Amino acid sequence: MFEIELHRLRHDELVRQAEAERRVREAVRVRRAARRGAATRGAEPESHTRRRSWFARTA
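We now turn to the structure provided with this report. Since the model is a prediction, treat every value here as computed from it, not as a measurement.

Quick notes on the rules
- Residues numbered from 1 in each chain as written.
- Predicted model: local features only at pLDDT ≥ 70, side-chain atom pairs only at ≥ 80, totals over all residues.
- Heavy atoms only, no water.
- Helix = DSSP H or I, 4+ residues; strand = E, 2+ residues; numbered from the N terminus.
- Buried < 20%, exposed > 50% of the residue type's maximum accessible area, 1.4 Å probe, protein only.
- Areas by Shrake-Rupley, 256 points an atom, 1.4 Å probe, with all protein chains shown as cover.
- Patch = residues over 30% accessible without salt bridge, like charges linked within 9 Å, V, L, I, M, F, W, Y side chains within 5 Å.
- Salt bridge = Lys/Arg side-chain N within 4 Å of Asp/Glu carboxyl O.
- Lys, Arg positive; Asp, Glu negative; His and termini not counted.
- Charge placed at Lys NZ, Arg CZ, Asp CG, Glu CD.

With respect to the overall build of the chain
Then, number 1: Looking only at helices and strands, the chain features two helices and zero strands.
Then, number 2: The buried share among the 59 residues of the chain stands at 2%.
Then, number 3: Surface summary for the chain: the accessible area is close to 6,200 Å², and the carbon and sulfur share equals 57%.

Section: a nonpolar patch on the surface
Then, number 1: A cluster of nonpolar side chains, namely F2, L6 and L9, defines an oily patch on the protein surface of about 350 Å² accessible area.
Then, number 2: With respect to the helices, strands and loops of the structure, L9 is situated in helix 1 (residues 2-42).
Then, number 3: Residue classification places L9 among the exposed positions, given a relative accessible area of 54%.

Concerning the pattern of salt bridges
Side-chain pairs of opposite charge can arise where the charged atoms are in close proximity.
Then, number 1: Scanning all chains against the criterion turns up five salt bridges.
Then, number 2: Ionic pairing is found between E13 and R16, a salt bridge with its closest N-O pair at 3.1 Å. Placement of the pair is E13 and R16 together in helix 1, with a separation of three residues, close to one helical turn.
Then, number 3: Notably, a salt bridge pairs E19 with R22, separated by 2.6 Å at the nearest N-O pair. Of this pair, E19 and R22 both sit in helix 1, three residues apart, which is roughly one turn of the helix.
Then, number 4: Assessed through its relative accessible area of 44%, R22 is described here as partly exposed.

Looking at a positive patch on the surface
Then, number 1: A cluster of basic residues, R31, R32, R35 and R36, forms a positive patch at the surface.
Then, number 2: Tracing the sequence through the fold places R36 in helix 1.
Then, number 3: By relative accessible area, which is 54% here, R36 ends up exposed.

Here it is as structure tokens:
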């Protein structure tokens, strides 16, 4: 009987850990998607091509 209870406790703990890890992964995925969306909305497609370094001309 004691072994069955230990097994159940361990199982419950593993289920809790897996759920916590899923929540963390989901939060990271949502944050990355929000960052990508903000970067897409905030920057013009050619914003980096207009900036030229003065050092590149002297070389």
